[in-house]
Amino acid sequence: MIIYEVGPRDGLQNEPDTVATEAKAELVRRLAAAGLARIEITSFVSPKWIPQLADADALCALVARPPTATYSALVPNEAGYERFRAARLPVAAFFVSASETHNRKNVNRGIADHLERFRPLAERARADGVPLRAYVSTVCGCPYEGDVPVAAVVDVVRRLDALGADEISLGDTIGVGHPRQVRELVRAVAGAIALDRIALHMHDTWGRALANVQAGYDEGVRVFDASLGGLGGCPYAPGASGNVATEDVVDLFERAGVATGVDLDALVDTTAWLERDVLRRTLPGRVYRAKLGMRERRAEGQA
Ligand code: HMG
Ligand code: MG
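What counts, and where the lines are drawn
- Residues numbered from 1 in each chain as written.
- Chains lettered and ligands numbered in written order.
- Predicted model: local features only at pLDDT ≥ 70, side-chain atom pairs only at ≥ 80, totals over all residues.
- Heavy atoms only, no water.
- Axes fitted to C-alpha atoms, helices over the stretch in contact; angles between N-to-C directions.
- Helix = DSSP H or I, 4+ residues; strand = E, 2+ residues; numbered from the N terminus.
- Left-handed = near helix turned anticlockwise from the far one by under 90°.
- Contact = heavy atoms within 4.5 Å.
- Nonpolar A, V, L, I, M, F, W, Y, C, P; charged D, E, K, R; others polar.
- Donors = N, O, S within 2.8 Å, 3.2 Å for Na, K, Ca; no water.
- Buried < 20%, exposed > 50% of the residue type's maximum accessible area, 1.4 Å probe, protein only.
- Near = heavy atom within 4 Å.
- Polar contact = N/O pair within 3.5 Å; in protein donor to acceptor, adjacent residues only side chain to side chain.
- Expected span 1.5 Å × (residues − 1).
- Phe/Tyr/Trp six-rings, centres within 6.5 Å; stacked < 30°, edge-to-face > 60°.

K.L.:
What am I meant to see in the packing of helix α8 (residues 179-189) against helix α9 (residues 209-218) here?
P.N.:
Any two packed helices are characterised by how steeply their axes cross, that is the angle between the axes, and by the distance between the axes. Running from amino to carboxyl end, α8 crosses α9 at an angle of 35°, the nearest separation of the two axes being 8 Å. For α8 against α9, the interelement crossing comes out right-handed. Residues P179, V182 and R183 of α8 lie in contact with α9, whose contacting residues are A211, N212, A215, G216 and D218. Among the residues making up the contact of α8 with α9, the classes are represented as 4 nonpolar, 2 polar and 2 charged.

K.L.:
Whenever I open this one, the coordination of the magnesium ion (ligand 2) confuses me. Can you help?
P.N.:
Octahedral six-donor coordination of a metal ideally yields angles of 90 or 180 degrees, compared with 109.5 degrees for tetrahedral four-donor coordination. Summarising the metal site, the magnesium ion (ligand 2) is bound by the protein donors D10 (OD), H201 (NE2) and H203 (NE2), whose distances to it range over 2.1 to 2.3 Å. Between the donor residues of the magnesium ion (ligand 2), the gaps in sequence give the motif D-x190-H-x1-H. Linking D10 in helix α1 (residues 7-13) with H203 in the loop between β7 (198-202) and α9, this pair joins segments that are 193 residues apart in sequence. The class of D10 is buried, set by a relative accessible area of 3%. A residue is classified by how much of its surface remains accessible, and H203, at 2% relative accessible area, is buried.

K.L.:
Looking at this structure, I do not really get the site of ligand 1. What am I missing?
P.N.:
Around ligand 1, the structure places 28 residues, and the nearest of them are Q13, N77, N108, S137 and T173. One of the side-chain N or O atoms of Q13 is found 2.8 Å from an oxygen atom in ligand 1. The side chain of R117 places a nitrogen or oxygen atom 2.8 Å from an oxygen atom of ligand 1. Sorting the residues of the shell around ligand 1 by element identifies α1, α4 (78-86), α5 (100-107) and β5 (132-137) as the ones contributing at least two each.

K.L.:
Any chance you could explain helix α7 (residues 150-163) here in plain terms?
P.N.:
An α-helix turns once every 3.6 residues. As a result, residues three or four positions apart point the same way. Here α7 spans 20 Å end to end across 14 residues, near enough to the 20 Å set by a 1.5 Å rise per residue. Of all the positions in α7, only V153, V154, V156, V157, L160 and L163 are classed as buried. Contacts made by the buried residues of α7 are with β4 (91-97), α6 (111-128), β5, β6 (167-172) and α8. Among the residues trailing α7, G164 stands out with phi positive, at a value near 120°.

K.L.:
What should I look at first to understand the packing of aromatic side chains in this one?
P.N.:
Note on aromatic pairs: each is described by the distance of the centres and the angle between the planes. The tally for this structure, following the rule as stated, stands at 6 aromatic pairs. Considering the side-chain rings of F44 and F84, the 6.5 Å spacing of their centres and the 75° angle between planes classify their relative orientation as edge-to-face. Taken together, the positions of F44 in the loop between β2 (38-43) and α3 (56-62) and F84 in helix α4 put the pair 40 residues apart, joining distant regions of the chain. F84 gets classed as buried once you look at its relative accessible area, which sits at 0%. Summarising the aromatic geometry, the rings of F94 and F95 are spaced 6.5 Å apart at their centres and angled 40° between planes, so their arrangement reads as tilted. Exposure remark for F94: the relative accessible area of 0% places this residue in the buried category. Clustering of aromatic rings is evident, with ring pairs tying together F44, Y81 and F84.

Have a look at this one:
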């Protein structure tokens, strides 16, 4: 199984205080050193819409490219694709919602128009040999429209597939999904594209993200998006909280005997550094907090 780390992008995009570009580069470096092999490091979206990631170009100039990690970034349109190519990242990630209202709030146009923007971008990516990930947001519910029919998700997946997306990540943007729903969704989407092209992107608002990851795994999904410490959210989805915490996913799978390739202690060190030295606020990840507690008790025992 593969963990696709979205902390530097989905995690930081929601942070109100500007994080220094050097700190972002250090975060990416530490995540790669902890064994995360796929990391979404930033977004080439409009700096007016997501000011926190306005330094995407500068960040990419700063990060080293270790052979063990593949970096990607969000790319919403051709202007973003120009910046992405100049930054010399290997993988681009497009995004579109399954619900019309969230799509309009997030990218200022309807689903059909936005997908038309994906067409030239996908053609250029194919010509450039750039693999394309695509997110479908609001797959388990929309903050504006409520329930989202499975058929609407499958329809967007089919259109992304026809336009040339390689991997498609199903995003529970507002973290309302539950395991039975995730199973049904994965089965329905697997009727449209091969299972090994499906990823799951679970937010944890209702505390079910990890259960949803397990449900997806049981259905055969092998790529899971996660964010260190449970950071994350979408500024254009009111009420959305962080992604499933990477530490929780690593611990869940390692305990089941499924290798993740991630060094949990090195990851906890990274999250502790981010919490203490960069964000200066408490991060919610459960396994992260439990590991910190164990460390503190051990240190007290030795004192
Ligand atoms: P727009 O304002 O409609 O753009 O925004 P436009 O095409 O009309 O252009 C307006 C101006 O912006 C122009 O400049 C463009 O050059 C510039 P001007 O002529 O006025 O000087 N511009 C850009 N500049 C830099 N980079 C660009 C770019 N594009 C246009 N790429 C747009 C449309 C899509 C750009 C905007 O709505 C946007 O950036 N939205 C991004 C919102 C976002 O990042 N949301 C969070 C990420 S999605 C998410 O978190 C969900 C996910 O995690 C999965 C899940 O949880 O479900 C992925
Ligand atoms: Mg997200």
